[in-house]
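Listed below, chain by chain, are the residues.
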Amino acid sequence: MDRRPQRPRKRAAGWRASARARVALITALGAVVAPASAAPVWVAIPAGKVRPLIRVSEEPKADAQPVAPFRLAARPVTNGEFLAFARAHPRWQRGAVPALLAEGGYLARWAGPTTPGPRAPLDAPVVEISWFAARAYCEAHGGRLPTEAEWERAAMAGQTHPDGRDEPGYRARILGWYAERQPDPLPAVGQGPANYLGVFDLHALVWEWVDDFGATLVTADAREAGDGPSAAFCAGGALAATDPADYAAFMRAAFRSSLKGRHTVRNLGFRCAADALALASPRAHQGGTP
Amino acid sequence: MSARLPFALAVAAATLTLVFGAGSVGAQPCHEEAPPAAASASAAAPVLPADSVYALDVPLTDDAGAPFRLGALAGQPVVITMVYGRCPHVCPLLIRHAMQLVESVPAAHRGRVKVALVSFDPSDTPAFLHGLRDKHGLGAAVHLAGGSEAAVRVLATALDIRYRKLPDGSFGHTSVLTVLDPQGRIVSRQEGGAPGPELKKALADQAAARPGPAREDG
């Protein structure tokens, strides 16, 4: 009882420490596990809410989309991991995949169908992968692709804050990465600082597939193709935007909307997600938001 | 845009159909096993070209509650589109456009054309879909089916149809009519609006290119 005033501070410090410990653990696990097995290292993502990019109703708060707890791979899938998959599933090797499921650029930078080669280091994120191939990979590893809402929910976290919008420099950092020229070959995954949740590379290295990639800008009553949400683009502005300052989110949505499932892009990779494990008290594991 | 490319595609597809069509309906010249009876029922049948939509792993359930594979439609041209059952305005229009497309085929070949209406709403039950059949007076040539979230997502992505569930339970989606050749390859598609001349021509060409003698569907 007499220690009560200290509690909030202690707790806050505890959370920070546990977040760091979690990151360290994940890093260690990744280092030990990744070369031997391609099993994803999962990070438990607590329930949250994401704001839709385009306002659906008059009351923006009512639009906030709840995201159930789920697991997200700590890092994007690497060339080495995809190589193991392609060896085990030859139908996903370059040259074997039908054009319906992947266009001609599929794994184009690899030296051969089962040889990543110098332009695709084993520890770098795999790119030039179609949605169908990414999905097949995740299914083979007991997961799935994250939904757009799940991805955005995890990517919303800053480095030190559960919500990056509260963190100085969060948006500038993301846009800074978008403005950078992509190094070739790409560097290894998991090198940068993890975000508050313990997830690496969400705003670095590569863009990532989500399961429902094409639908962000689709709204109800799109009677004709391309009708779209007129208010979103009216006068070149963003009248229906929930947060017009969130350019980065608009860029992601625009990019995703431009994709087709068979597309392969040289800065587009993926990571897997999975449903949350059924835990007795999931809250005990998660740093709750104040 | 140029009408030539789709036409060339249609001609190429028709030619391929003539060349390979016989193989698709029973004889298995290139494959050792695969019983002919199963060829049209199984989506994994080796007679299908790799680019066939029928080669996708998309288990569906039809409006009678029976398991349904799109591969069951192999052997004739197909008009395929995706809708959802509770759709108030757009989907009835889309269904009407699909039927207009079929009716645009000269009567002599119209009977060959099948229609597949697949729901992207996993909560559409077979009974609900059957209600749509009655409501729109859809005949036996029209197959109504639905599937799991994963199954319909794969099909929609292959057909480049975009949809999103909105907070009120309705769906935002693009309206796309697609013509498949008898082996399930996409030969023409149109986003939005009443079927245009290119789409109509593609379907008419497919319907006219009759591969070999008539056969009974299994």
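Per-chain numbering applies: the sequence of each chain, read as written, is numbered from 1 onward. Here chains are named by letter from A upward and ligands by number from 1 upward, in the order in which they appear as written. Local features are withheld for residues below a pLDDT of 70 in this predicted model, meaning they are given only at 70 or higher, and side-chain atom pairs are given and counted only at 80 or more; totals for whole chains, interfaces and linings count all residues. Only hydrogens and water are removed before side-chain values are computed, so all heavy atoms of the structure are retained for them.

What follows is about the overall build of chain A. The numbering of helices and of strands both runs from the N terminus, where a helix is a DSSP run of H or I of at least 4 residues and a strand a run of E of at least 2. Along the backbone of chain A there are eight helices and seven strands. A total of 290 residues make up chain A; the buried ones form 48% of that total. Look at the contacts in chain A between residues 6 or more apart in sequence, and 74% of them connect residues 24 or more apart. Exposure was quantified through the Shrake-Rupley algorithm and a 1.4 Å probe, taking into account, for residues, occlusion by the shown protein chains and nothing else. Carbon and sulfur atoms provide 57% of the accessible area of chain A, an area that totals close to 14,400 Å². Each residue's exposure class comes from its accessible area (1.4 Å probe, protein chains only) as a fraction of the maximum for that residue type: buried when under 20%, exposed when over 50%, partly exposed otherwise. Residues are treated as being in contact if the distance between any of their heavy atoms lies within 4.5 Å.

Only buried Ala, Val, Leu, Ile, Met, Phe, Trp, Tyr and Cys residues count toward a nonpolar core, and they belong to the same one when joined by side-chain atoms within 4.5 Å. Judged by nonpolar contacts, the single largest core of 114 residues is most densely connected at Phe82(A), Phe270(A) and Leu70(B). Excluding anything up to four places from it in sequence, Leu70(B) contacts Val53(B), Tyr54(B), Leu60(B), Ile80(B), Ala116(B), Val118(B) and Leu155(B).

The next thing to look at is the interface of chain A and chain B. With 27 residues of chain A in contact, the opposing surface of chain B contributes 27 residues. Within this document, salt bridges are pairs made up of a side-chain nitrogen of Lys or Arg and a carboxyl oxygen of Asp or Glu, the two lying within 4 Å of each other. Run the count over chain A and chain B and you get one salt bridge. Polar contacts, as counted here, are pairs of nitrogen or oxygen atoms within 3.5 Å of one another; within protein the pair requires one atom able to donate a hydrogen and one able to accept it, and residues that are adjacent in sequence qualify only if both atoms are side-chain atoms. On the surface where chain A and chain B come into contact, there are six residue pairs in polar contact (both at pLDDT 80 or more). Residue assignment for the side of chain A that touches chain B shows that the elements contributing at least two residues are α4 (131-140) and α8 (247-257) of chain A. The leading source of residues in the side of chain A that touches chain B is α4(A), at three residues. Class assignment for the residues of the side of chain A that touches chain B results in 14 nonpolar, five polar and eight charged. Note on residue categories: nonpolar means Ala, Val, Leu, Ile, Met, Phe, Trp, Tyr, Cys or Pro, charged means Asp, Glu, Lys or Arg, and polar means any other residue, Gly included.

Further remarks concern the pairing of strand β8 (residues 176-180) of chain B. All names here are of chain B. β8 sits mainly inside the fold: five of its five residues count as buried. Burial of the side chains of β8 extends over both faces: Val-176, Thr-178 and Leu-180 are buried on one face and Leu-177 and Val-179 on the other. Inspection of the sheet shows β8 paired to strand β9 (residues 186-191) by five bridges, in the antiparallel sense. Bridge assignment links Val-176 to a residue of β9, and that residue is Glu-191. Between β8 and β9, which pair antiparallel one after the other, the connecting turn spans five residues, and Gly-184 there sits at a positive phi close to 85 degrees. By the convention used here, strands pair only if DSSP detects at least 2 bridges between them.

Right, let's talk about the pattern of salt bridges for a bit. In total, this model carries 24 salt bridges over all chains according to the counting rule given. Taking the shortest distance from any N to any O, the salt bridge between Asp121(B) and Arg86(B) comes out at 3.9 Å. Within this pair, whereas Asp121(B) is found in the loop between β4 (114-119) and α5 (126-136), its partner Arg86(B) is found in the loop between β3 (78-83) and α3 (90-103), the two being separated by 35 residues in sequence. Residue class for Asp121(B) comes out buried when judged on its relative accessible area of 5%. Because the salt bridges share partners, they merge into one network encompassing Lys260(A), Asp160(B), Arg162(B), Arg189(B) and Glu191(B).

Further remarks concern the state of the cysteines. All names here are of chain B. Here, the term disulfide refers to a pair of cysteine sulfur atoms separated by no more than 2.5 Å. Using the criterion set out here, one finds two disulfides over all chains in the structure. Sulfur-sulfur distance for the disulfide between Cys-87 and Cys-91 comes to 2.2 Å. Measuring the twist about the S-S bond at about 85 degrees, one finds the Cys-87-Cys-91 disulfide to be right-handed. Pair check on accessibility: Cys-87 and Cys-91 agree, each one buried.

For the rest of this paragraph, the subject is the confidence of the model for chain B. Residues and elements named next belong to chain B. A score from 0 to 100, pLDDT tells how confident the predictor is in each residue. Looking at chain B as a whole, the pLDDT averages 81, with 75% of positions reaching at least 70. Within the model, pLDDT remains below 50 along residues 1-45, and this stretch shows 52 contacts once partners closer than five positions in the same chain are excluded. Segment residues 212-218 is flagged for pLDDT under 50; beyond a separation of four residues in sequence, or across chains, it makes seven contacts in the model.

Moving on, we come to the sheet that holds strand β4 (residues 70-73) of chain A. For sheets, the rule is that strands pair by backbone hydrogen bonds, running either parallel or antiparallel. Residue and element names in this part refer to chain A. In space, the three strands of this open sheet follow the order β1-β4-β7, with antiparallel pairing throughout. Of all the strands in the sheet, the pair left with one neighbour each is β1 (42-45) and β7 (273-275). On average, each strand axis in the sheet is tilted by 30 degrees relative to the strand beside it, whichever way the strands run. Relative to β7, β4 is paired through three bridges, and the arrangement is antiparallel. When the bridges of β7 are listed, Arg-71 appears paired with Ala-274. Every axis in this analysis is a line fitted to C-alpha atoms, fitted for helices over the stretch in contact. Angles between the N-to-C directions lie between 0 and 180 degrees.

The next thing to look at is the packing of aromatic side chains. Side-chain rings of Phe, Tyr and Trp, where Trp is taken by its six-membered ring, are said to pair if the distance between their centres is within 6.5 Å; with planes under 30 degrees apart they count as stacked, over 60 as edge-to-face, and otherwise as tilted. Within this structure, the stated rule accounts for 18 aromatic pairs over all chains. Relative to Trp207(A), the ring of Tyr178(A) lies with its centre 4.6 Å away and its plane at 20 degrees, an arrangement referred to as stacked. Placement of Tyr178(A) in helix α6 (residues 170-179) and of Trp207(A) in strand β5 (residues 207-208) is noted, with a sequence separation of 29 residues between them. Exposure remark for Tyr178(A): the relative accessible area of 15% places this residue in the buried category. To sit over a ring, a charge needs its Lys NZ or Arg CZ within 6 Å of the ring centre and within 35 degrees of the ring normal. Against the face of Phe128(B) rests Arg86(B), its NZ or CZ located 4.2 Å from the ring centre. Here Arg153(B) stacks its cationic end above the ring of Tyr163(B), 4.2 Å away from the centre of that ring.

With that out of the way, let us pick up the side chain of Arg112(B). Residues and elements named next belong to chain B. For Arg-112, the position within the fold is in the loop between α4 (107-110) and β4. Taking the relative accessible area as the measure of exposure, Arg-112 reaches 10% and is therefore buried. In terms of polar contacts, Arg-112 uses its side chain to reach the backbone carbonyl oxygen of Gly-75, at 3.2 Å.

On to helix α5 (residues 148-155) of chain A. Among the eight residues that make up α5(A), eight are buried, leaving the element largely enclosed by the rest of the structure. When α5(A) is considered as a whole, its buried residues turn out to be Glu148(A), Ala149(A), Glu150(A), Trp151(A), Glu152(A), Arg153(A), Ala154(A) and Ala155(A).

Quick look at the pairing of β3(B) now. Residues and elements named next belong to chain B. Where burial is concerned, most of β3 is hidden: six out of the six residues are buried. The side-chain alternation of β3 yields two buried faces, one formed by Val-78, Ile-80 and Met-82 and the other by Val-79, Thr-81 and Val-83. The sheet contact formed by β3 and β4 spans six bridges and is parallel. Within β4, the residue paired with Met-82 across the bridge is Val-118.

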